[in-house]
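Architecture at a glance
Okay, here's what each chain looks like letter by letter:
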Amino acid sequence: MAQGTIFQKRMEKHHDELRWLYMELYQNDDMFGELCGQLYEYDAQRSEELKERDALREKEPGWYKKNDLLGMMLYIDNFAGNIKGVEEKLDYLQQCQVNYIHLMPFLNTTKGRSDGGYAVSDFRKVQPELGTMEDLESLTKACHKKGMNVCMDFVMNHTSEDHEWARRARQGDGEYMSRYFFYKDYSIPSQYEKTVPQVFPTTAPGNFTWLPDAGHFVMTTFYPYQWDLNYKNPRVFNEMVYNFLYLANQGIDIMRIDAVPYIWKELNTPCRNLQQVHTIVRMMRMICEIVCPGVLLLGEVVMEPEKVAPYFGTVDKPECHMLYNVTTMATTWNCVATRDVRLLKLQMDIVNRLPKEYVFLNYLRCHDDIGWGLDYVWLMQFGIGEVSHKKYLNDFLTGQYPDSFARGELYNSDPASGDARLCGTTASLCGIEKAAYERNEAALEQAVQLDLMLHAYMLTQSGIPVIYSGDEIGQENDYSYHKDPDRCADSRYLHRGRFQWDMAQKRTEKGSVQEKLFQGIGKLERIRKSTDVFSTDADVWTIDTWNDSVLGIIRANKKEKLIALFNFSEYAKPVHLDEGGGQYTDLISGQKVEESGLEIPGYGAYWLVK
């Protein structure tokens with residue numbers, strides 16, 4: 001079938017709904033006509049290799065829901081210097097069994113005003129020190145040949161103040177001022193401030209910035225150098241879609257849409273999760289299916305499950321293909337600090353009740369901090385108050401609490417309220433850093449066991465597991481950021497250190513921490529890939545273990561059933577299962593385990609099958 005005919009069939013499938021939603025927002029036929037014309041152009045520019053990839057994925061739309069997808073997040077410069085360097089390291093990533101590479105922000109930014117790459121000054125240019133768009137296309141082609149998928153961040157909510165649009169707006173060009181939120185005085189911004197929460201109340205208070213040279217306030221939800229885009233202007237939507245498709249045509253497989261809930265702004269609202277956001281994401285999903293159906297949308301929605309779920313859309317009108325399992329991640333570290341899994345069990349029950357079509361990305365750590373958005377209303381029944389509990393968590397995970405093994409740092413700490421978030425690598429939060437420094441072999445063995453247990457638990461969750469680069473070799477915190485004037489104010493750089501290739505060399509050194517973690521995590525990954533019950537179409541539910549320190553999860557399909565047990569305590573714990581008794585085989589150790597009198601070792605993990 002001719003490509004133009006294929007495009008036409010896809011367009012016919014979505015045209016009426018796309019036009020309805022577009023006109024609902026913009027009432028502008030001309031701009032919609034321009035959008036449709038550009039969709040055709042970007043389809044025509046898409047390479048034959050990518051079109052073949054699209055066609056294969058159209059035939060198997062659930063390709064990403066199997067149990068063979070494993071992701072890794074990495075910073076290009078930290079990992080390999082530049083994009084060409086990443087291409088040279090693909091063999092290492094294959095050794096990690098990774099087939100989904102999330103390249104952290106690499107589009108052009110301004111040094112010192114980049115927010116880790118999330119203040120984009122040019123959506124069609126790579127940061128010069130990292131390479132070029134040609135290098136990116138070369139990398140994606142090389143990845144595709146090795147069966148790997150490439151993910152990147154698409155920052156939709158804002159641009160850098162150094163973006164061409166922002167520079168023209170600053171000069172008073174009305175065409176470009178209308179692409180942002182500009183106000184001559186503080187009267188309207190003051191109304192917004194009454195209902196809009198602050199994202200960074202200590203480091204970037206308020207939601208507006210005064211520009212003395214322009215004589216206007218501009219909306220800056222995140223940092224003063226990140227100007228919020230005005231999606232009430234159809235030109236903004238169209239142009240950002242064109243940027244999106246340009247990047248997709250470089251061979252990107254997964255687009256992580258940054259800060260999704262913030263995209264649409266309305267006075268007298270929190271400017272979060274408004275219905276128009278869902279309209280925009282739904283339109284983007286249809287645009288993907290018209291031009292690049294092999295591309296997935298990954299939404300960054302940092303909220304509790306009931307507020308996250310709507311961003312999947314519905315079965316008939318889907319929005320994002322995948323979302324982050326943020327609340328479960330934060331609750332996991334709550335379990336590490338408290339040795340109590342009850343809240344985690346509650347959170348997993350909520351997630352597991354959602355439709356199977358909903359695919360979550362599961363992770364232990366990422367580039368960002370850990371925010372304590374826990375269910376404090378539920379915790380209150382046990383006499384656990386929000387303020388005191390957050391203090392305990394932060395004290396424990398920064399090593400301030402007596403006998404704590406963790407080594408993290410606070411982020412965005414507010415002395416007035418006592419509120420703060422947390423930073424640190426998995427290894428340092430698990431105690432590997434402290435034990436290694438103190439040369440305490442018993443503590444080091446225990447910390448490695450905790451690290452491996454957490455990875456086994458993460459791999460058991462329903463969805464796609466993603467490892468943070470360095471975790472596979474137990475990379476510790478990098479304190480050098482304290483000496484960098486461009487980074488010292490942002491403690492997230494604690495866990496954004498350069499990849500330690502000298503440590504990676506020890507992954508084959510028998511008995512080393514790196515070997516235990518690399519081989520241990522690798523074994524877990526191989527088991528997951530070869531066991532059908534880890535597919536996302538399996539039924540998943542938690543079970544009572546009659547021990548508050550031990551989490552029990554069952555995964556089951558028509559052919560098999562797996563009982564997973566995870567001990568979040570350093571002490572051996574007895575477990576009672578109501579599964580009919582008998583003998584099981586632990587897939588991890590290969591040992592036989594009797595249900596009667598079952599005891600799980602400290603920080604132990606079992607994957608039990610009959």
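Here the structure is shown first, and the text comes after it.
Conventions used here
- Residues numbered from 1 in each chain as written.
- Predicted model: local features only at pLDDT ≥ 70, side-chain atom pairs only at ≥ 80, totals over all residues.
- Heavy atoms only, no water.
- 1 Å grid on protein atoms, 1.4 Å probe; cavity = no way out; pocket = protein on both sides within 12 Å on 5 of 7 lines; lining within 4 Å.
- Points joined across faces, edges and corners; volume = space filled by probe spheres on them.
- Helix = DSSP H or I, 4+ residues; strand = E, 2+ residues; numbered from the N terminus.
- Nonpolar A, V, L, I, M, F, W, Y, C, P; charged D, E, K, R; others polar.
- Pairing = 2+ DSSP bridges.
- Buried < 20%, exposed > 50% of the residue type's maximum accessible area, 1.4 Å probe, protein only.
- Axes fitted to C-alpha atoms, helices over the stretch in contact; angles between N-to-C directions.
- Parallel < 35°, antiparallel > 145°, perpendicular 65-115°, else oblique.
- Left-handed = near helix turned anticlockwise from the far one by under 90°.
- Contact = heavy atoms within 4.5 Å.
- Core = buried A, V, L, I, M, F, W, Y, C linked by side-chain atoms within 4.5 Å.
- Polar contact = N/O pair within 3.5 Å; in protein donor to acceptor, adjacent residues only side chain to side chain.

This part covers the layout of surface pockets. Put simply, the second largest pocket is a space of about 790 Å³. Contributing to the lining of the second largest pocket are 37 residues, with Ser 114, Asp 115, Gly 116, Arg 487 and Tyr 493 lying nearest its centre. Top contributing element to the lining of the second largest pocket by residue count: helix α4 (residues 76-80), with three residues. Looking at the lining of the second largest pocket residue by residue, the class counts come to 15 nonpolar, 11 polar and 11 charged.

Moving on to the sheet that holds strand β8 (residues 208-211). If you trace the three strands from one edge of the open sheet to the other, you get β7-β9-β8, paired in antiparallel fashion. With partners counted over all chains shown, the strands left at the sheet margins are β7 (182-183) and β8, one partner each. Where β8 and strand β9 (residues 216-219) come together, four bridges link them in antiparallel fashion. Looking across to β9, one finds that Leu 211 is bridged to His 216.

Let's shift gears to unusual backbone geometry. Phi at Gln 27 is positive, roughly 45 degrees, even though this residue is not glycine. As for its placement among the helices and strands, Gln 27 is situated in the loop between α1 (3-26) and α2 (29-45). The phi torsion at Asn 273 lies on the positive side, around 60 degrees, for a residue other than glycine. Relative to the helices and strands, Asn 273 resides in the loop between β11 (254-258) and α12 (275-291). For Asn 273, a relative accessible area of 26% gives the class partly exposed.

This next bit is on the packing of helix α14 (residues 326-338) against helix α15 (residues 342-352). In the contact formed by α14 and α15, the axes pass within 9 Å of each other and the chain directions differ by 165 degrees. When the axis of α14 is compared with that of α15, the two are roughly antiparallel. When you trace α14 past α15, the crossing you get is left-handed. Taken together, the residues of α15 that come into contact with α14 (itself represented by Thr 327, Thr 328, Thr 331, Thr 332, Asn 334 and Cys 335) are Leu 343, Leu 344, Gln 347, Met 348 and Val 351. Residues belonging to the contact of α14 with α15 are distributed by class as follows: five nonpolar, six polar and no charged.

This part covers the environment of Phe 123. Position of Phe 123 among the secondary structure elements: in strand β4 (residues 122-126). Residues within four places of Phe 123 in sequence aside, it is in contact with Leu 107, Met 133, Phe 154, Val 155, His 158, Thr 159, His 163, Met 240, Asn 243 and Leu 247.

Turning our attention to the nonpolar core. Note on soluble globular proteins: their nonpolar side chains tend to be buried together. Residues Leu 39, Tyr 231, Phe 237, Phe 566, Phe 568 and Trp 607 are the most contacted members of the largest nonpolar core, which totals 183 residues. Top contributing element to this core by residue count: helix α20 (residues 441-460), with 11 residues.

Further remarks concern the side chain of His 216. On the secondary structure map, His 216 appears in strand β9. A distance of 3.0 Å separates a polar side-chain atom of His 216 from the backbone oxygen of Ala 214. In contact with His 216, other than residues within four places in its own chain, are Met 177, Phe 182, Tyr 183, Lys 184, Thr 209, Trp 210 and Leu 211.

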